[in-house]
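Coordinates in review
Here is how the chains run, residue by residue.
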Amino acid sequence: MLIKTFGSAVYGVNAYTITVEVNVSGDGGKFHMVGLPDNAVKESWLRIMTAFKNNNLKFPRKKIVVNLAPADIKKEGSAYDLTIAIGLLAADDAFEDIEKLGQYIIMGELSMDGSILPIKGALPIAIQAQKDGFKGFILPESNTAEASIVEGIDVIGVKNISELVAFFKNEITMLPVHQDPLENFINSSEFDLDFSDVQGQENIKRAMEIAAAGGHNIILIGPPGAGKTMLAKRLPSILPPMTLNEALETTKIHSVAGRLHENSGLVVQRPFRSPHHTISDVALVGGGNSPQPGEISLAHNGVLFLDELPEFKRTVLEVMRQPLEDRKVNIARAKFSVDYPASFMLVASMNP
């Protein structure tokens, strides 16, 4: 029997819907997966089989073919475990209401005991699911805070696979999580490090206030102990509050990078990133075999602080030139390229 379930792949800060086709037939007992899966996706059948056994669910002992479409896009990570697992159960006649499967995007990593672990990129996936007209998005419970920001889609958090199976068998009802994005801004003015803590230093404080008002880059030159780092760390507290669009864009980047804390919603305070001077080019601007946002993108809509500027490698400083001009960084690979936003305020410090 052929069943289709739906997941999502994240490229850059955007998501694309992935159709997971599962076919179970009676001629053999092998498991085949096609559609450019990486090793983490290929290993999913071992996690699924063990989770089924530990939750008294039947794993089909037949020939299984799983296709991740479109087949020309590489699928990465373990977040497809839940999508494939539900497809296997449906293809083996575990559910009567097959049409219900097509109404939801399903994403989550399966633990061997059947519990569902957090995923990256829940917010961009929820945004794309809403655009594509899906009724809901089923994901790990710890990711519901960020995904529920999106209006017009039912965000349902699940703790384990048994709970989800009961939901698709119509044995239980699961209520969607809703959140008002504006509630996140209520306490956004509270900072651990506040600019009002600085005593004296009137000239430099005036200069930093002007830089903050216009979003200008600034360099602090002074002897050790003069207060350069202390001032820089408190700069975000005098920047203008983030708008809702800025908060959504910033949260998408941190979600894709897996930097959001469990059960955290919108990022409502401007980011402050302070990489060490030994940082590599790729870590600063982003990239890698599986492109990830770098420090300049994690500082988007906030502050990037380069302490001891002359100690940074020349190549690292050179790769920042274009992102500073274009306010974005393009990561190009042989088969695809992704853009990451990089609109930040650069603050640097150095000794005379």
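Above this text is the structure in question.
Summary of the structure given here. (Residues numbered from 1 in each chain as written. Predicted model: local features only at pLDDT ≥ 70, side-chain atom pairs only at ≥ 80, totals over all residues. Heavy atoms only, no water.)

Here we take up the overall build of the chain. A count of helical and extended segments in the chain gives 13 helices and 17 strands. In terms of overall dimensions, the chain has a C-alpha envelope of 80 × 40 × 30 Å along the principal axes. By residue count, 50% of the 352 residues in the chain fall in the buried class. Residue pairs in contact within the chain that sit at least 24 positions apart in sequence constitute 72% of those at least 6 positions apart. In the form shown here, the chain has an accessible surface area of approximately 16,700 Å², with 49% of it arising from carbon and sulfur atoms. Distance between charge centres in the chain, computed from 33 positive and 41 negative side chains, equals 6 Å. (Helix = DSSP H or I, 4+ residues; strand = E, 2+ residues; numbered from the N terminus. Buried < 20%, exposed > 50% of the residue type's maximum accessible area, 1.4 Å probe, protein only. Contact = heavy atoms within 4.5 Å. Areas by Shrake-Rupley, 256 points an atom, 1.4 Å probe, with all protein chains shown as cover. Lys, Arg positive; Asp, Glu negative; His and termini not counted. Charge placed at Lys NZ, Arg CZ, Asp CG, Glu CD.)

Here we have four strands laid out as an open sheet, ordered β10-β17-β14-β11, and parallel in their pairing. Looking along the sheet, the strands with just one partner apiece sit at the ends: β10 (218-221) and β11 (272-273). Where β11 lies against strand β14 (residues 303-306), two bridges are found, and the strand directions are parallel. Pairing of F272 across the sheet is with V303, part of β14. (Pairing = 2+ DSSP bridges.)

Take the layout of surface pockets next. Size it by volume and the largest pocket reaches roughly 920 Å³. Taken together, 37 residues make up the lining of the largest pocket; nearest its centre are A9, V10, Y11, K74 and E76. Breaking the lining of the largest pocket down by element, the ones donating at least two residues are β1 (2-11), β2 (14-25) and β16 (337-341). When the residues that make up the lining of the largest pocket are grouped by side-chain class, the tally is 18 nonpolar, ten polar and nine charged. Reported here for the second largest pocket is a volume of approximately 570 Å³. Taken together, 19 residues line the second largest pocket, and the ones lying closest to its centre are V267, Q269, R270, P271 and F272. (1 Å grid on protein atoms, 1.4 Å probe; cavity = no way out; pocket = protein on both sides within 12 Å on 5 of 7 lines; lining within 4 Å. Points joined across faces, edges and corners; volume = space filled by probe spheres on them. Nonpolar A, V, L, I, M, F, W, Y, C, P; charged D, E, K, R; others polar.)

Turning our eyes to something else, we now look at the pattern of salt bridges. Applying the stated criterion across every chain, the model contains ten salt bridges. Note that K205 and E202 form a salt bridge whose closest N and O atoms lie 3.7 Å from each other. Note that K205 and E202 are positioned in helix α7 (residues 202-214) at a spacing of three residues, about one turn of the helix. Given a relative accessible area of 13%, K205 falls into the buried group. (Salt bridge = Lys/Arg side-chain N within 4 Å of Asp/Glu carboxyl O.)

This next bit is on the packing of aromatic side chains. Evaluation of the coordinates by the stated rule reveals nine aromatic pairs. Geometrically, the ring pair formed by F95 and F168 is tilted, given 5.8 Å between the ring centres and 45 degrees between the ring planes. One end of the pair, F95, is in the loop between α3 (81-91) and β5 (104-106); the other, F168, is in helix α6 (residues 161-168), and 73 residues separate them in sequence. Judged by its relative accessible area of 1%, F168 is buried. Grouping aromatic residues by their ring pairs yields a cluster made of F95, Y104, F167 and F168. K100 extends its terminal NZ or CZ atom over the ring of F167, reaching a point 3.9 Å from the ring centre. (Phe/Tyr/Trp six-rings, centres within 6.5 Å; stacked < 30°, edge-to-face > 60°. Lys NZ or Arg CZ within 6 Å of the ring centre and 35° of its normal.)

Right, let's get into the pairing of β14. Of the two faces of β14, the one holding V303 and F305 and the one holding L304 and L306 are both buried throughout. Where β14 lies against strand β17 (residues 345-350), four bridges are found, and the strand directions are parallel. Among the inter-strand pairings, L306 is bridged to a residue of β17, identified as A348.

Backbone torsion omega between A69 and P70 reads 0 degrees, so that peptide bond is classified as cis. Positionally, P70 belongs in the loop between β4 (63-69) and α3. One non-glycine residue, D93, lies in the positive phi region at around 65 degrees. Inspection of the secondary structure assignment puts D93 in the loop between α3 and β5. Phi is positive for N301, close to 65 degrees, though the residue is something other than glycine. Mapped onto the elements of the fold, N301 is located in the loop between α11 (295-298) and β14.

Relative orientation of the contacting elements helix α4 (residues 122-131) and helix α9 (residues 244-256) amounts to 120 degrees, with a least axis distance of 7 Å. Comparing the axis directions of α4 and α9 gives the class oblique. Between α4, through A122, L123, P124 and I127, and α9, the contact on the second element is made entirely by L248, T251, K252, S255 and V256. Partitioned by chemical class, the residues of the contact of α4 with α9 number six nonpolar, two polar and one charged. (Axes fitted to C-alpha atoms, helices over the stretch in contact; angles between N-to-C directions. Parallel < 35°, antiparallel > 145°, perpendicular 65-115°, else oblique.)

The biggest cluster of nonpolar side chains holds 82 residues, and the ones touching the most others in it are F137, I138, L164 and F168. When residues of this core are assigned to their parent elements, the largest contribution, eight residues, is made by α3. With sequence-adjacent residues up to four places away left out, I138 is seen in contact with Y104, I105, I106, M107, I156, V158, L164, F167 and F168. Counting residues in hydrophobic clusters, the runner-up holds 15 residues, among them A211, A212, L235 and L239. (Core = buried A, V, L, I, M, F, W, Y, C linked by side-chain atoms within 4.5 Å.)

This paragraph deals with the packing of α3 against α6. Between α3 and α6, whose axes approach to 11 Å, the crossing angle comes to 50 degrees. Between α3 and α6, the angle is such that the two are oblique. Remark: the crossing between α3 and α6 carries right-handed chirality. Across the interface between the two elements, L82, A85, I86 and L89 from α3 touch I161, L164, V165 and F168 from α6. Here the contact of α3 with α6 is composed, by residue class, of eight nonpolar, no polar and no charged. (Left-handed = near helix turned anticlockwise from the far one by under 90°.)

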